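# Structural features, examined
Next come the chains, spelled out residue by residue.
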Amino acid sequence: MKKIHLVLLLVIAASVGVVLVALGNSDSYASFAKAIENPTRTYHVAGKLDLNAPMVYDPHTEANLFHFTMIDNDGKRCKVALHKPRPQDFERSEQIVVIGQMENETFQARDILTKCPSKYNDAPTQTVDL
Amino acid sequence: MNTIEFINEQIWPEYLGRGLLILALISAFFGAYSFFKSILRPNLEQSWTGMGRLAFLIHSSSVFLIVALLFSLLLSRQFEFYYVWKHSNTALPQSYIFAAFWEGQEGSFLLWAFWHSVLGLFLLRNFKTNSGVLGTVMLVQGFLMTMLLGRVVFIPEWGIDFTIGSYPFTLTREHPSLMNAPFTKLPDYLLSLDGRGLNPALQNYWMTIHPPTLFLGFALTTIPFGFVVQAFLRRDFSSWFKKALPWAFLGVGILGAGILMGGAWAYEALSFGGFWVWDPVENASLVPWLLLTAGAHMLLIPKKSKLILTLAPVFLILGFITVLYSTFLTRSGVLGDASVHSFTDLGLTGQLLLFLFFFMALPVYLVLNKRFRFYYLSAGLLLLVFGFSSQFSSISNGLWTLYGLLSFGLGIYGLNQRLSPSAPALEDNIWSRDFWMLMGALVLTVSALHLTVETSKPVINKLTGSSMAVGDVAAYNAVQWWFGLLLSIGMGLVLYLLYGKRNSATLMKDLGQVALVAFAFTLFSYSLYPSMKVMPDALLLLGGWFAAASGFIFIRRFIRKHPLAAGGGIAHAGFGLLMVGIVISMGQQQNVSKNQNQINLKALNEEFSNEEHVMLMKGDTVAMADYRLVFAGDSLDGSFAQYQIDYFSNQEKAFSLTPRIILSPSMGNVAEPATKHFLTHDVFTHITYVDLENLKRKSAGISAPEYEEPQHFELKIGDTVYSSNAYIVVEGIASEPGAKIDQNPTEMQLQLYPTFTVRDLDGNVDTVKPSFLIQGLSLQTRPDTAKGNGLVIEVKKINPKTSTIEVEMQRKKYQNQDDFIIMKAVVFPWIKLLWAGCFLVVIGSLMAVVERFKQHGQG
């Protein structure tokens, strides 16, 4: 049974390794304040769109750049430069998560996740139009 | 109380549904009890199995009737029922009623229960030999029925207030979210009530075929689990292998097909831009498949050593448990931001956890000896009470996790104690089929472990207070490609090995032949794509071709003698092709290249430069691979905004694609890609962003506004803002000489010229001086225009206190400025190999099932 024991040991080592890799190489959710502290690290920042601040999307110049302002869950406001096209129906999104890093007081976002209130199942419906 | 007579309302289905549900619930638990009792009391086996059989028939009939009832309510659009109101409307074509049925959680639980009932009917044919399996199925059904109960438990003295399950036949006017809506008090509300409707993104045939296949796959993981439970109850740890085997491979085939359909849906109809993005919901169905596949292969090994006798049940139990865990992940709302398409919370979290923990503990309990059983059960119950009474505090969550991990160890320990010491030792020969099958199963398990940990990050965050984000596609690929490589090599090798020993000279000859073919194909495909990276792409390509070549050569040899025995070869060849397809179609995909007219933005960080999406004005042309694309025009057709893209090849129009946006004011607009399929490649086209208002205006015959939306800024001298394609610097405020600043404010005259420099990205530099004139008490402002850029700046207000100025900027639009699309187009080379590979894996697994059923008769 020697070889099998060796194999089982290897499998256990691989399992531990895989768990460590998954947990160790993780990006984290953070606030803008934390992203400002560590400008070189990639963070996921969740928050809301600031509808009062200007949203600038000028695809005629650059289709893959969209500027807007976001308020994170701690209430801090920050400019975001999203390096992707403006998401369709962006102003309707209820919650957004931007993924990227802070640079010169602007959060440079590589990617964005938006959740519209009723895009998928089961948003609470309060009123019904008749 | 409620004395209003509601016109046209039919509420009897609410009572009928309730009755059937309670009948199904009671008969499920009673049936489970009877079947288990028949094993524990062999002297009364006859009567208990008879009872169980009767209970099963009552149960499955009730389930079928509940399903039929909900279908008939949906078909006749009886909006007095909340589920019907929420998932359908009058405009919904009848063909999407299936989709509406399982769009919600209640419907999908019912779908799952339906498949268990159907599968149970097959097992019922030998209900005496399958009593433990049927008991397990009934027990699972009992738990599923509680998910549909919709009973409020409210004992204020104990602080208990929760709802068990979500009832599918709740009346619309009695649903908590609508109870206070004024219309529910109108006697004639039904005359004008229309449903909310089915999300247009789900109105396609994928939504009709994908969920039932997937849930049949989920239901099929219950059967091998049931065989394990039965084996543990009967203390017969090896004879069940043969009977469980075809069921396990049926699960591998069907669940595989379900996952494949999910990937195809994502590729064809959703905007994922690929067939697999490691979304938590995708992983949630892949992990059970990996474990079930590992377990099913353990059942194939004829020499039942202690290790195999332990691993086979462990893998099959985990296969079923991970289905329950997936259910918990996707339906409890715990995934939150991590996935775009998880269900939201129906308040069933506690119940789902209970479901999971019960079936995790059951097999462990069964293998423990009497004394351990007592401690194990007491600890579980104590934790349960503690968890609920402390409202799932972090301590109780921690203890639950510990209990779960401990169960795993205890279960393996207990099982090992039970196994007969006379079980044969494992063949310690690395050139045996047993050894490589075991290796493969272990690789599958480690792969499943990685996916589980990665997908569980939101759960780990909840437990430990950490804030880890789920990994992106690159993070998954970086680990998972190793497993793909190891599996490919193992799958290629194992076909040529025998259980036990094989003559090494002929083996080397066979393998040499396979390796030669694999190398030839790898070199050929590599030469087509010389830019391919060696690690991991080319290496995985070699692995894939090795598995494929091995499988096909194997089939060629055996297909004549044993047509069905070739199943394994076909499945392994399919896996190889799948790997080849992934490497080539994903690694060598070509994106549409940027329009030449556009300006390269120097101000941007290179690291972030993203050229995947390009802007096209109507009539513009861009290049991609061997094509030139032209944006030919847009149109509005009912609730579809359509954008026609013409593809030219060698100056001739080759084909047109019409990606569209499905417009839904209530559920959000959804982009739907369009794909042209060729044997050698697919051309995928997807609209990322358009000005929908522009299209709506045009269709209504309204001309576009002359100016862009004005933007407002509050600025200080020296500030820079970015607006409408330009950087604007506030240089200062010049005042005209001859200002009269008088004591008498009505006599005052002050002419100011705030000065701006507008530097746009086309290279125009303009100085803009809007006028700001104070004359007595009145204020006159006049905008000024940047000649090159067309930006109009007007200063609305000057605040001396904060030394800021309030500025409005807007730019005159140029002709047809809004007639543009932002799109993404990709050529996926040889993606057909990928689908062919998936298809062969499914077909091969199903062939193995047919073969086994033929060999052993009915399960």
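Keep in mind it's a predicted model, so treat the numbers as computed, not measured. Counting of residues starts from 1 at the beginning of each chain's written sequence and follows it residue by residue. The order in which chains are written sets their letters, starting at A; the order in which ligands are written sets their numbers, starting at 1. Note on the predicted model: pLDDT of at least 70 is required for a residue's local features to be given, and 80 or more for side-chain atom pairs to be given and counted; whole-chain, interface and lining totals, by contrast, use all residues. The basis for every side-chain value is the complete set of non-hydrogen atoms in the structure, without hydrogens or water.

## Section: the overall build of chain B
We count it as follows: Secondary structure elements are taken from DSSP: a helix is a run of H or I of four residues or more, a strand is a run of E of two residues or more, and numbering for both begins at the N terminus. Each residue is placed in one exposure class: buried if its accessible area under a 1.4 Å probe, protein chains only, is under 20% of its type's maximum, exposed if it is over 50%, and partly exposed if it falls in between. Residue contacts follow a heavy-atom distance rule, with two residues in contact if any of their heavy atoms lie within 4.5 Å. Reported accessibility uses the Shrake-Rupley method at a 1.4 Å probe radius. Residues are deemed covered only where the shown protein chains occlude them. In this tally, Lys and Arg are treated as positive and Asp and Glu as negative; His is ignored, and so are the chain termini. One atom stands in for each charge, and that atom is NZ of Lys, CZ of Arg, CG of Asp or CD of Glu.
Counting its regular elements, chain B contains 22 helices and 23 strands. Dimensions of chain B, computed from C-alpha atoms along their principal axes, come out at roughly 115 × 80 × 50 Å. Here chain B holds 859 residues, and the buried ones make up 58% of them. A separation of at least 24 residues holds for 68% of the contacts in chain B among residues at least 6 apart in sequence. With an accessible surface of roughly 36800 Å², chain B has 62% of that area assigned to carbon and sulfur atoms. One way to put it: in chain B the 61 positive side-chain charges average out to a point 16 Å from where the 58 negative ones average out.

## Thoughts on the overall build of chain A
Along chain A, the regular secondary structure elements total two helices and six strands. The proportion of buried residues among the 130 residues of chain A is 51%.

## A word on the confidence of the model for chain A
Heads up, the condition is: pLDDT expresses how confident the predictor is about each individual residue, on a scale running from 0 to 100.
For chain A, mean pLDDT is 84; residues scoring 70 or higher make up 88% of the total. Overall, residues 118–130 of chain A carries pLDDT values under 50, and its contacts beyond four positions in sequence, including any with other chains, amount to 27 contacts.

## Comments concerning the packing of helix H2 (residues 45–75) of chain B against helix H5 (residues 105–123) of chain B
When two helices pack together, their arrangement is given by the angle between their axes and by how far apart the axes lie. Residues and elements named next belong to chain B. Rules: Here an angle of 0 to 180 degrees is reported between the N-to-C directions of two axes, which are lines fitted to C-alpha atoms, with helices fitted over the stretch in contact. Roughly parallel means an angle under 35 degrees; roughly antiparallel, over 145; roughly perpendicular, 65 to 115; everything else is oblique. The crossing is said to be left-handed when, going from far helix to near helix, the turn is anticlockwise and less than a right angle, and right-handed when the turn is clockwise. Put simply, Ala, Val, Leu, Ile, Met, Phe, Trp, Tyr, Cys and Pro go in the nonpolar bin, Asp, Glu, Lys and Arg in the charged bin, and everything else, Gly too, in the polar bin.
Remark: H2 packs on H5, axes separated minimally by 10 Å, with the N-to-C direction vectors making an angle of 140°. Taken as axis vectors, H2 and H5 run oblique relative to one another. In this structure, H2 crosses over H5, and the sense of that crossing is left-handed. Contacts between H2 and H5 involve Phe56, Leu57, His59, Ser60, Val63, Phe64, Ile66, Val67 and Leu70 from the first element and Leu110, Ala113, Phe114, His116, Ser117, Val118, Gly120 and Leu121 from the second. Split into classes, the residues belonging to the contact of H2 with H5 amount to 12 nonpolar, five polar and no charged.

## Here we look at the packing of helix H6 (residues 131–146) of chain B against helix H8 (residues 205–234) of chain B
All names here are of chain B. Running from N to C, H6 and H8 cross one another at 120°; their axes reach a closest spacing of 7 Å. Here H6 is positioned oblique relative to H8, judged by the angle of their axes. H8 is crossed by H6, and the crossing has right-handed handedness. Across from Ser131, Gly132, Val133, Thr136, Val137 and Val140 in H6, the residues of H8 making contact are Thr222, Ile223, Phe225, Gly226, Phe227, Val229, Gln230 and Arg234.

## Observations concerning the pattern of salt bridges
Residue and element names in this part refer to chain B. The test is simple: When a carboxyl oxygen of Asp or Glu lies within 4 Å of a side-chain nitrogen of Lys or Arg, that pair is called a salt bridge.
One pass over the structure, following the stated rule, counts 20 salt bridges over all chains. Across the pair Glu693 and Lys696 runs a salt bridge, and its minimum N-O distance is 3.9 Å. Here Lys696 and Glu693 lie together in helix H21 (residues 692–700), a separation of three residues that amounts to about one turn. Relative accessible area serves as the criterion here: at 36%, Lys696 is assigned to the partly exposed category. Taken together, the shared-partner salt bridges in this structure form one network comprising Lys618, Asp634, Lys698 and Asp819.

## A closer look at the nonpolar core
Residues and elements named next belong to chain B. Put simply, the test is: Definition of nonpolar core: a set of buried residues of the types Ala, Val, Leu, Ile, Met, Phe, Trp, Tyr and Cys, connected through side-chain atoms within 4.5 Å.
One finds Trp112, Trp240 and Phe359 to be the most contacted residues of the largest nonpolar core, which totals 220 residues. If we skip the residues at most four places from it in the chain, Trp112 touches Leu144, Phe215, Phe218, Ala219, Val323, Leu324, Thr327 and Phe355. One finds Val592, Leu629, Ile645 and Met823 within the second-largest nonpolar core, a separate group that totals 27 residues.

## So, unusual backbone geometry
Along the chain, Met535(B) connects to Pro536(B) via a cis peptide bond; the corresponding omega equals 0°. Even without being a glycine, Asn104(A) presents a positive backbone phi close to 50°. Here Asn104(A) shows up in the loop between strand S5 (95–103) and strand S6 (106–115). With relative accessibility at 71%, the residue Asn104(A) sits in the exposed group. The phi angle at Ala625(B) is positive, at roughly 45°, despite the residue not being glycine.

## Some details on the environment of Trp835(B)
Residue and element names in this part refer to chain B. Positionally, Trp835 belongs in helix H22 (residues 831–856). In sequence terms Trp835 and Asp510 are 325 residues apart; their C-alpha atoms lie 28 Å from each other. Contact partners of Trp835, with chain neighbours within four places excluded, come to Leu260, Gly263, Ala264, Tyr267 and Phe275.

## A few points about the pairing of strand S21 (residues 791–799) of chain B
Residues and elements named next belong to chain B. The condition that has to hold: When DSSP finds at least two bridges between two strands, those strands are taken to pair.
The pairing of strand S20 (residues 784–785) with S21 spans two bridges and is antiparallel. Considered in S21, the bridge of Asp784 is made with Ile793. If you look at the hairpin formed by S20 and S21, you'll find five residues sitting between the two strands, and Gly790 has a positive phi there, around 85°. Note: S21 against strand S22 (residues 804–811), eight bridges, orientation antiparallel. When the sheet's bridge partners are listed, Val792 is paired in S22 with Gln810. Here S21 folds back onto S22, and the loop between the two strands holds four residues, one of which, Ser803, carries a positive phi near 40°.

## With respect to the pairing of strand S12 (residues 681–690) of chain B
Residue and element names in this part refer to chain B. Counting buried positions along S12 yields 10 of 10 residues, so the element is predominantly enclosed. Counted along the chain from strand S11 (residues 674–677) to the antiparallel partner S12, the turn is three residues long. Two strands pair when backbone bridges link them, and S12 and strand S23 (residues 820–829) are joined in this way by nine bridges, in the antiparallel orientation. Within the sheet, the bridge partner assigned to Phe684 lies in S23 and is Val826.

## Considering the sheet that holds S21(B)
For sheets, the rule is that strands pair by backbone hydrogen bonds, running either parallel or antiparallel. All names here are of chain B. Taken in spatial order, the four strands line up as S13-S22-S21-S20 in an open sheet, and their pairing is antiparallel. If you trace the sheet from one side to the other, it starts and ends with strand S13 (711–715) and S20, each paired once. Pairing between S13 and S22: five bridges, direction antiparallel. Paired with Leu715 across the two strands is Ile805, which belongs to S22.

## Re a nonpolar patch on the surface
Residue and element names in this part refer to chain B. Using the following cut-off: Residues enter patches when their relative accessible area tops 30% and they take part in no salt bridge; the joining distance is 9 Å for like charges and 5 Å for the nonpolar side chains Val, Leu, Ile, Met, Phe, Trp and Tyr.
Where nonpolar side chains cluster on the molecular surface, the patch consists of Ile22, Ile26, Phe30, Tyr33 and Met51 and spans about 460 Å² of accessible area. The element that contributes the greatest number of residues to the nonpolar patch is helix H1 (residues 12–40), accounting for four residues. Mapped onto the fold, Ile22 is located in helix H1.

## Considerations on the packing of aromatic side chains
The description of two aromatic rings rests on the distance between their centres and on the angle between their planes. Residue and element names in this part refer to chain B. Counted only if it meets this: Planes of paired rings set the category: under 30 degrees apart is stacked, over 60 is edge-to-face and the rest tilted, where pairs are Phe, Tyr or Trp rings (Trp by its six-membered ring) whose centres lie within 6.5 Å.
Counted under the stated rule, the structure contains 59 aromatic pairs over all chains. Aromatic side chains Tyr627 and Tyr647 sit 5.8 Å apart centroid to centroid with 90° between the ring planes, which places their arrangement in the edge-to-face category. Remark: Tyr647 occurs in strand S7 (residues 640–649) and Tyr627 occurs in strand S6 (residues 627–637); sequence separation between them is 20 residues. When sorted by exposure, Tyr627 lands in the same class as Tyr647, which is buried.

## Points about helix H9 (residues 240–268) of chain B
All names here are of chain B. Selection criterion: Helix span is expected to be 1.5 Å times the residue number reduced by one. The term bend refers to the angle at a residue between two fitted axes, each drawn through seven residues, those ending there and those starting there.
Here H9 contains 29 residues, and its C-alpha end-to-end distance of 41 Å stays within 8% of the 42 Å for a straight helix at 1.5 Å per residue. At Pro246, H9 shows its largest bend, some 25°. Of all 29 residues in H9, 24 are buried; the element is thus mostly enclosed.

## Looking at the domain arrangement of chain B
Stated precisely, the cut-off is as follows: Those domain boundaries reflect an automatic or database domain assignment.
Structurally, chain B comprises domain 1 (10–198), domain 2 (610–703 + 818–831) and domain 3 (711–811). Summarising the inter-unit geometry, the C-alpha centres of domain 1 of chain B and domain 2 of chain B are found 44 Å apart.

## So, the confidence of the model for chain B
All names here are of chain B. On average, residues of chain B score 89 in pLDDT, and 95% of them reach the 70 mark or higher. The element-level mean pLDDT for chain B is lowest in strand S2 (residues 160–164), coming to 78, with H6 highest at 98. Here residues 596–604 scores under 50 on pLDDT; set against residues more than four positions off or in separate chains, the count is 14 contacts. Taken together, the chains of this predicted complex give a pTM of 0.90 and an interface ipTM of 0.90.

## Some points on the side chain of Asp537(B)
Residues and elements named next belong to chain B. Tracing the backbone through its elements, the reader meets Asp537 in helix H19 (residues 534–558). For Asp537, which is buried and forms no salt bridge, the nearest opposite charge comes from Lys533, at a distance of 5.0 Å. For Asp537, the contacting residues outside a window of four places in its chain are Met532, Val583, Gly587 and Gln588.

## Here's the deal with the side chain of Thr213(B)
Residue and element names in this part refer to chain B. To keep it simple, the criterion reads: Counting of polar contacts relies on pairs of N or O atoms within 3.5 Å, with two restrictions inside protein: one atom must be capable of donating a hydrogen and the other of accepting it, and residues adjacent in sequence are counted only when both atoms are side-chain atoms.
As for its position among the elements, Thr213 is in helix H8. A polar atom in the side chain of Thr213 sits 2.6 Å from the backbone oxygen of Ile209. Beyond its immediate sequence surroundings of up to four residues, Thr213 is in contact with Ile254, Ala257, Gly258 and Met261.

## Examining the environment of Gly107(B)
All names here are of chain B. Mapping Gly107 onto the fold places it in helix H5. Gly107 sits in the buried class, given a relative accessible area of 0%. Along the sequence, Gly107 and Val67 sit 40 residues apart, while their C-alpha atoms lie 8.5 Å from each other. Those residues within four positions of Gly107 in sequence are excluded, and the remaining contacts are Tyr83, Phe101 and Trp102.

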